[in-house]
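Structure assessment
Now for the letters of each chain:
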Amino acid sequence: MTGPGEPTGSTRRMPAVDRGGDDARAPDGDAPSGANTAVPTLDRADGRAGRFWSARRVPAALLALVLLGAAGLLLYDIAAVRAGHPAMQWRRSLAEGLADHRLDSVAVIVGAAVAAAIGLWLILLALTPGLRDLLPMRRDRTGVRAGLDRTAAALVLRDRAVEVPGVQSVRVRMGRRKAKVKALSHFRELDEVRADLDTTLGTAVGELGLAKPPGLSVQVHRPAKKG
């Protein structure tokens, strides 16, 4: 029987979420307190991590479509010629143009330069990782990789910088090798504000957990006088 203000459904205990499989189960009461495996911390790992590689889907898709279309058109024309039909006009014009133009002509040089530029661009895309806005974080477990967006890292540093007494506003430009911080201070000595910013931001950069912590460049100025 339930009262007038009580729910009519039965009350059941909700299941707990298992976050780590067998390793995350509650320890047995008879087991010693130090038997659990300690979670690796950043200080226990060397933290080496390479940059994330971009999939380059758009350039690869465009190149594949161009090559597929050119190869299909050429094969169709060759099959048509073998079947007794005349070659397509574009192929006859191309053959005549290649026979008439010399290697030192402007059209041949321009076409070769464009082809070489496209080839160098594709090679550059293939040999560079890309994803410059994603900063690799330190690795403390095998098979687990993490990255931090540069905009998010800049916001973290900015929020930490505005907590320093005397700082009115802060602009942070986060790079892969250096974080440039420009702050405006409306009171306190500039040297004191700069020293506090160096200490605070140095700690904040270390807490980001990046594989290669960027260097800091801190500049502190007075706001421009109005009027």
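Cut-offs and rules
- The residue numbering used here restarts from 1 in each chain and proceeds along that chain's sequence as written.
- Only residues with pLDDT of at least 70 are given local features in this predicted model, and only at 80 or more are side-chain atom pairs given and counted; all residues enter the totals for whole chains, interfaces and linings.
- Here the side-chain values reflect all heavy atoms present in the structure, with hydrogen atoms and water set aside.
- To qualify as a helix, a DSSP run of H or I must reach at least 4 residues; to qualify as a strand, a run of E must reach at least 2; elements of each kind are numbered from the N terminus.
- Each helix should span, by expectation, one fewer than its residue count multiplied by 1.5 Å.
- Here the term buried applies to any residue with accessible area under 20% of the maximum for its type, exposed to any over 50%, and partly exposed to those in between, with areas from a 1.4 Å probe on protein chains only.
- Here the arc refers to the directions that run from the helix axis out to each C-beta atom.
- Two residues qualify as a contact provided that any one of their heavy atoms is within 4.5 Å of a heavy atom in the partner residue.
- Side-chain atoms alone can form a polar contact between residues adjacent in sequence; in general such a contact is a pair of N or O atoms within 3.5 Å, and within protein one must be able to donate a hydrogen while the other accepts it.
- Should DSSP find at least two bridges between two strands, the strands are regarded as paired.
- Axis definition: a line fitted to C-alpha atoms, limited for helices to the stretch in contact. Angles are taken between N-to-C directions and run from 0 to 180 degrees.
- Residues grouped as a nonpolar core are buried Ala, Val, Leu, Ile, Met, Phe, Trp, Tyr and Cys residues, joined through side-chain atoms within 4.5 Å.
- With the far helix as reference, a near helix turned anticlockwise by less than a right angle produces a left-handed crossing, and one turned clockwise produces a right-handed crossing.
- The nonpolar class holds Ala, Val, Leu, Ile, Met, Phe, Trp, Tyr, Cys and Pro. Asp, Glu, Lys and Arg form the charged class, and all remaining residues, Gly among them, are polar.

Brief notes about helix α4 (residues 150–161)
- Helix length check: α4, at 12 residues, gives a terminal C-alpha distance of 16 Å against a target of 16 Å (1.5 Å per residue), a fit within 8%.
- For α4, every residue scored as buried is listed here: Arg150, Ala153, Ala154, Leu157 and Ala161. End-on view of α4: buried residues confined to an arc of 100°, all on one side of the axis.
- Next to the buried residues of α4 lie β1 (134–136), β2 (147–149), β3 (167–174), β4 (178–185) and α5 (190–207).
- The N-terminus of α4 is capped by Asp149, whose side-chain oxygen sits 2.9 Å from the backbone nitrogen of Thr151.

Considerations on the side chain of Ser185
- Note on placement: Ser185 falls in strand β4.
- Among the polar contacts made by the side chain of Ser185, one reaches the main-chain carbonyl oxygen of Phe187 at a distance of 2.7 Å.
- When sequence neighbours within four positions are dropped, the list of residues in contact with Ser185 reads Gly166, Val167, Gln168, Leu190, Val193, Val220, His221, Arg222 and Pro223.

So, the sheet that holds β3
- One open sheet holds the 3 strands; their spatial order is β3-β4-β5, and the pairing between them is mixed. Of all the strands in the sheet, the pair left with one neighbour each is β3 and β5 (215–221). Recorded for the sheet is a direction-independent mean angle of 15° between the axes of neighbouring strands.
- Judged from the 7 bridges that link them, β3 and β4 form a sheet pairing that is antiparallel. Along β4, the bridge assignment pairs Arg171 with Lys182.
- With respect to the sheet, α4 is in contact with β3 and β4, its orientation differing from that of β3 by roughly 160°.

Some points on the nonpolar core
- Core analysis: the biggest nonpolar cluster contains 22 residues, and Leu157, Val167, Met174, Leu197 and Leu208 have the highest contact counts within it.
- Secondary-structure elements contributing two or more residues to this core are α4, β3, β4, α5 and β5.
- Among the elements that line this core, the one with the most residues is α5, at 5 residues.
- In this structure, Val167 is in contact with Ala161, Val162, Ala183, Leu184, Ser185, His186, Val193 and Leu197, ignoring residues within four places of it in sequence.

Re α5
- Helix length check: α5 (18 residues) gives 25 Å between terminal C-alpha atoms against 26 Å at 1.5 Å per residue, within 8%.
- When we look at burial in α5, the residues that qualify are Val193, Leu197, Leu201, Ala204 and Val205. Down the axis, α5 shows its buried residues gathered within 95° of arc, on one side only. Residues Asp191 and Thr199 are exposed on α5 and point more than 90 degrees away from its buried face.

Let's talk about the packing of α4 against α5
- Contact pair α4 / α5: the axes reach a minimum separation of 10 Å and the direction vectors enclose 145°. By crossing handedness, the relation of α4 to α5 is classed as right-handed. The residues of α5 that touch α4, namely those facing Leu157, Arg160 and Ala161, are Leu197, Thr200, Leu201, Thr203, Ala204, Val205 and Glu207.
- Looking at side-chain class alone, the contact of α4 with α5 contains 6 nonpolar, 2 polar and 2 charged residues.

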